[in-house]
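So the chains spell out like this:
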Amino acid sequence: MRLIEAFLRSAAYERRFLTKNQWDLSMVLWIPLATVLLIWWIFSQTQITDLPIGVIDQDNSAMANTAVRYLEASPTLTVRQLYYSQAEAEAAILQRDIYAVVTIPEDFSRHILSNTPAPLTLQVNAQYGTHSGIIQTSVQAVASTLSAGVEIQRLVKQGVAPSQTATAYAPISIQRISLFNAATNYQQFLASTVIPALLHILAMVVGATTIGRELRDKNIGRWYRFIDTKNPEQTSPQYSKTPTAPFTKQDSINNSRDNATVASTLQAPQAVSMSVLLFGLLGKYFWPMLAYSVWSAMILWLTTSNQAISIASFAVVYAGLLCLMTLSFWLGAIFTLNAFSLRMGLSATGFISAPSYAFAGVTFPYIAISDSAQYWSNILPLTHYLKLHIAQLQMQAPIAISLPGVYGLTLAMIIALLLAALLTKRALAHPERWGAR
């Protein structure tokens, strides 16, 4: 009963604080919700189409017009405008009106008719990796189609049967089979992985501020005394028998004018029970855990709404995501408690969580990064979650492949909770370090 009461008191303490502090409540409710909906809306167009390009036609022939029509017919390209000078086209690229320019050289058709090379020149803004890759592939496909048409016509004029011309032109062909994400769905590929990464960052920030504000406002001693005895004040070696309500930041500002209250606030508890502390931390983070479990379910529901995913795969991914969110809370608390400073804790969470998506192997191949970067990637919890996320929701791999990832995240979560409790106990024993920004 003592442990259950500690959990309930701590949850009530945190609930009262959140209802009186809208910014902290927004970090738990509205900002994560807005993040999920905004990212999903950004990727609502699941495929990239109609990337704007420009064309400089220096030939003005029927063959050049055919090339322009083929470029316009490509589903991933749209010819925004015909330009008449290189400077005008480069200015359009710099202003991001277009992402590339195709130059049809002078005497383009004459070179084709005389069976000499007639290259098309593609200048692409490679600063945008996804855009440039798609444009280069599409323009290459258009050039290959034009070349095939010209060569087939030439072979037919030489007397080759039309049924043999395709084989004669390209005796070796490639049959490409996309195993996963065959429709190149960017919503499934990027949005479903970007949102957990952003929630991972927000969860670490919430983890740092939830316990960090108690240190910053010198209220951590009051918080522990409240969850242990329902009495935040200590005016003598024995706790007062008069129960009071949970302490909030506004109460701290008002009561700071009372020297007696401040003196009692800065006193360390007489004794700290680890079991009470553990349940108190669970109660303190109960509302963020509850809210982020809802956002996690929303992410997976959006991701799997158009897919045939088994219940077992959904359950494994949801369990892994809950472990990631909970682990993020404890990591944020650990960084803050270890430094005795909310500012340092937030800096550490930003340094670790913000670039973690870049090391996860989603947008850049894991095997292509350096050995030291791979070591760092293996330390980050987001990497292991995204591996099981992609394996189950995109590759539909067997459940047994992803279970070790869930077990590892669960173990890391338990270890992080114990470490956060130990650091909280250490912080309670050093009231002289409370109040650091």
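Small disclaimer: the values here were computed from a predicted structure and weren't measured. (Residues numbered from 1 in each chain as written. Predicted model: local features only at pLDDT ≥ 70, side-chain atom pairs only at ≥ 80, totals over all residues. Heavy atoms only, no water.)

A.B. asks: Can you walk me through the environment of L331 in this structure?
C.D. replies: Note that L331 resides in helix α15 (residues 311-339). A relative accessible area of 19% means that L331 is categorised as buried. As for L331 and L419, which are separated by 88 residues in sequence, their C-alpha atoms are 9.3 Å apart. In contact with L331, other than residues within four places in its own chain, are M204 and P381. (Helix = DSSP H or I, 4+ residues; strand = E, 2+ residues; numbered from the N terminus. Buried < 20%, exposed > 50% of the residue type's maximum accessible area, 1.4 Å probe, protein only. Contact = heavy atoms within 4.5 Å.)

A.B. asks: Any chance you could explain the pairing of strand β3 (residues 100-104) here in plain terms?
C.D. replies: Regular strands place their side chains on alternate faces of the sheet. Extensive coverage of β3 is indicated by the burial of five of its five residues. Relative to β3, strand β1 (residues 51-57) runs parallel, the two being bridged by four bridges. Paired with I56 across the two strands is T103, which belongs to β3. For β3 and strand β4 (residues 121-124), the ladder comprises four bridges, and the chain directions are antiparallel. (Pairing = 2+ DSSP bridges.)

A.B. asks: So what exactly am I meant to see when it comes to unusual backbone geometry here?
C.D. replies: Keep in mind that most residues, glycine aside, have a negative phi and that most peptide bonds are trans. In this model, K218 sits at a positive phi of 60°, which is unusual for a non-glycine residue. Tracing the backbone shows K218 in the loop between α9 (186-216) and α10 (220-229). Residue classification places K218 among the partly exposed residues on the basis of a relative accessible area of 34%. With a phi close to 55°, F340 is a non-glycine residue in the positive phi region. Residue placement: F340 occurs in the loop between α15 and α16 (342-353). Exposure remark for F340: the relative accessible area of 2% places this residue in the buried category.

A.B. asks: Explain the packing of helix α1 (residues 2-20) against helix α13 (residues 274-284) here, please?
C.D. replies: Here α1 crosses α13 at 35°, and the two axes come no closer than 7 Å. In the crossing of α1 with α13, the sense of the turn from one axis to the other is right-handed. Contact residues: R2, L3, A6, F7, S10, A11, Y13 and E14 in α1; S275, V276, F279, G280, L282, G283 and K284 in α13. In terms of residue class, the contact of α1 with α13 is built from eight nonpolar, four polar and three charged. (Axes fitted to C-alpha atoms, helices over the stretch in contact; angles between N-to-C directions. Left-handed = near helix turned anticlockwise from the far one by under 90°. Nonpolar A, V, L, I, M, F, W, Y, C, P; charged D, E, K, R; others polar.)

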